[in-house]
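Summary of structural features
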Amino acid sequence: MSKFAIKDHWIEIVLGVLLVGVTVLSIGWHIYRYGGDYYYMKTNGSSGSFPVTVPVGITQNGYVYRGVAKDKYGNRQRLEFQTVADDLGPFHKGQIIRITYNSNFGVTNYKRVSRYQVPPLARIQIGR
């Protein structure tokens, strides 16, 4: 590119740099806010309930679960999470939940998994 071509296309270059910058910042924020370590916990029943308003304006029960969870290296962590309107639960006794724990924001996500999806070192304590 010559000096004149850059002068003629400076707005495209600035917009391209801004687009890349916003994309990188957005991905970085998502990882910082919602990323974390996965922990696996076997439910033993709900520790309590609380009212949750679902999008249609109806109030239903949400559930609180507490217990000791293990990561893929076998490290233990005492965790507590509440169900959200998208997945109210309740989870049945013995179900395995994969919990995403963020050191800055606590529990950011949870998901039911089968025992075959649990890493071997986390599976030792969870059992069959």
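In this numbering scheme, every chain counts its residues from 1 along its sequence in written order. Where local features are concerned, this predicted model is filtered to residues with pLDDT of at least 70; where side-chain atom pairs are given and counted, the filter is 80 or more; whole-chain, interface and lining totals use all residues. In computing side-chain properties, one takes all heavy atoms of the structure into account and sets aside hydrogens as well as water.

1. Considerations on the overall build of the protein chain
Operational definition: The secondary structure listing takes helices from DSSP runs of H or I that are at least 4 residues long and strands from runs of E that are at least 2 residues long, numbered from the N terminus. Throughout, a contact is declared for two residues whenever any of their heavy atoms are within 4.5 Å. Under the convention used here, a 1.4 Å probe and the Shrake-Rupley method define accessible areas, while residue burial counts only the protein chains that appear.
When helices and strands are counted, the protein chain shows three helices and six strands. For the protein chain, the sequential pattern of α-helices and β-strands runs α-α-β-β-β-β-β-β-α. The long-range share in the protein chain, meaning contacts at least 24 apart out of those at least 6 apart in sequence, stands at 53%. Just so you have it, the protein chain exposes about 9100 Å², and 56% of that area is on carbon and sulfur atoms.

2. Side note on the side chain of Asp-71
Stated formally: Throughout, exposure labels follow a simple rule: accessible area from a 1.4 Å probe, protein chains only, divided by the maximum for the residue type, with under 20% read as buried, over 50% as exposed, and the rest as partly exposed. Asp and Glu are treated as the negative residues and Lys and Arg as the positive ones, with His and the ends of the chain left uncounted. We define a salt bridge as a side-chain nitrogen of Lys or Arg found within 4 Å of a carboxyl oxygen belonging to Asp or Glu. Under this definition, polar contacts are N or O atom pairs within 3.5 Å; protein pairs additionally need one hydrogen-donor-capable and one acceptor-capable atom, and for neighbouring residues in sequence, both atoms have to be side-chain atoms.
With respect to the element layout, Asp-71 can be found in the loop between strand E3 (59–70) and strand E4 (76–82). Buried within the structure, Asp-71 lacks any salt-bridge partner; its nearest side chain of opposite charge belongs to Lys-70, at an N-O separation of 7.5 Å. There is a polar contact of 3.1 Å between the side chain of Asp-71 and the backbone nitrogen of Tyr-73.

3. Quick word on a nonpolar patch on the surface
To keep things clear, this is the line we draw: Exposure above 30% relative accessible area and no salt bridge define the residues that can form patches, which grow by joining like charges within 9 Å and nonpolar side chains of Val, Leu, Ile, Met, Phe, Trp and Tyr within 5 Å.
On the surface, a nonpolar cluster with roughly 500 Å² of combined accessible area is contributed by Trp-10, Ile-11, Val-14, Leu-15 and Leu-18. With respect to the helices and strands, the residue Leu-18 is situated in helix H2 (residues 10–34).

4. Description of the nonpolar core
Going by this rule: Buried Ala, Val, Leu, Ile, Met, Phe, Trp, Tyr and Cys residues form a nonpolar core when they are joined through side-chain atoms within 4.5 Å.
Of all hydrophobic cores here, the largest spans 10 residues; its members are Tyr-39, Met-41, Tyr-65, Ala-69, Leu-79, Phe-81, Phe-91, Ile-97, Ile-99 and Tyr-110. Elements with a minimum of two residues in this core: strand E1 (37–42), E3, E4 and strand E5 (96–102). If sequence neighbours within four positions are ignored, Phe-81 has contacts with Met-41, Tyr-63, Val-64, Tyr-65, Phe-91, Ile-97, Ile-99, Val-107 and Tyr-110. Grouped together as the second largest cluster of nonpolar side chains are five residues, Tyr-40, Ile-96, Val-113 and Val-118 included.

5. Regarding the packing of aromatic side chains
Going by this rule: The pairing test for Phe, Tyr and Trp rings, Trp by its six-membered ring, is centres within 6.5 Å, and the orientation test on the planes gives stacked under 30 degrees, edge-to-face over 60, and tilted for anything in between.
Considering all chains together, one arrives at five aromatic pairs under this definition. Look at Trp-29 and Tyr-32: their rings are 5.5 Å apart centre to centre, the planes differ by 45°, and that puts the pair in the tilted class. Remark: Tyr-32 and Trp-29 occur in helix H2; sequence separation between them is three residues, near one turn of the helix. Take Tyr-32: its relative accessible area is 42%, and that puts it in the partly exposed class. Their ring planes at 85° and their centres at 6.2 Å tell us that Tyr-39 and Tyr-101 sit as a pair that is edge-to-face. Of this pair, Tyr-39 sits in strand E1 while Tyr-101 sits in strand E5, and the two are 62 residues apart along the sequence. We classify Tyr-39 as buried; its relative accessible area is 7%. Here a set of aromatic residues connected by ring pairs shows up, and it is made of Trp-29, Tyr-32 and Phe-105.

6. Some remarks on H2
Keep this limit in mind: Helix span is expected to be 1.5 Å times the residue number reduced by one.
The end-to-end C-alpha separation of H2 is 36 Å, in line with the 36 Å expected for 25 residues at 1.5 Å each. After H2 finishes, the residue Gly-36 shows a positive phi value of roughly 160°.

7. Brief notes about the pairing of E4
Heads up, the rule is: A pair of strands is labelled paired if DSSP reports no fewer than 2 bridges between them.
Sheet analysis places E3 next to E4, joined by seven bridges and oriented antiparallel. Of the residues in E4, the one forming a bridge with Arg-66 is Glu-80. What sits between E3 and E4 in their antiparallel hairpin is a turn of five residues, with Gly-74 showing a positive phi close to 95°.

Shape is all these values report; function is a separate question.
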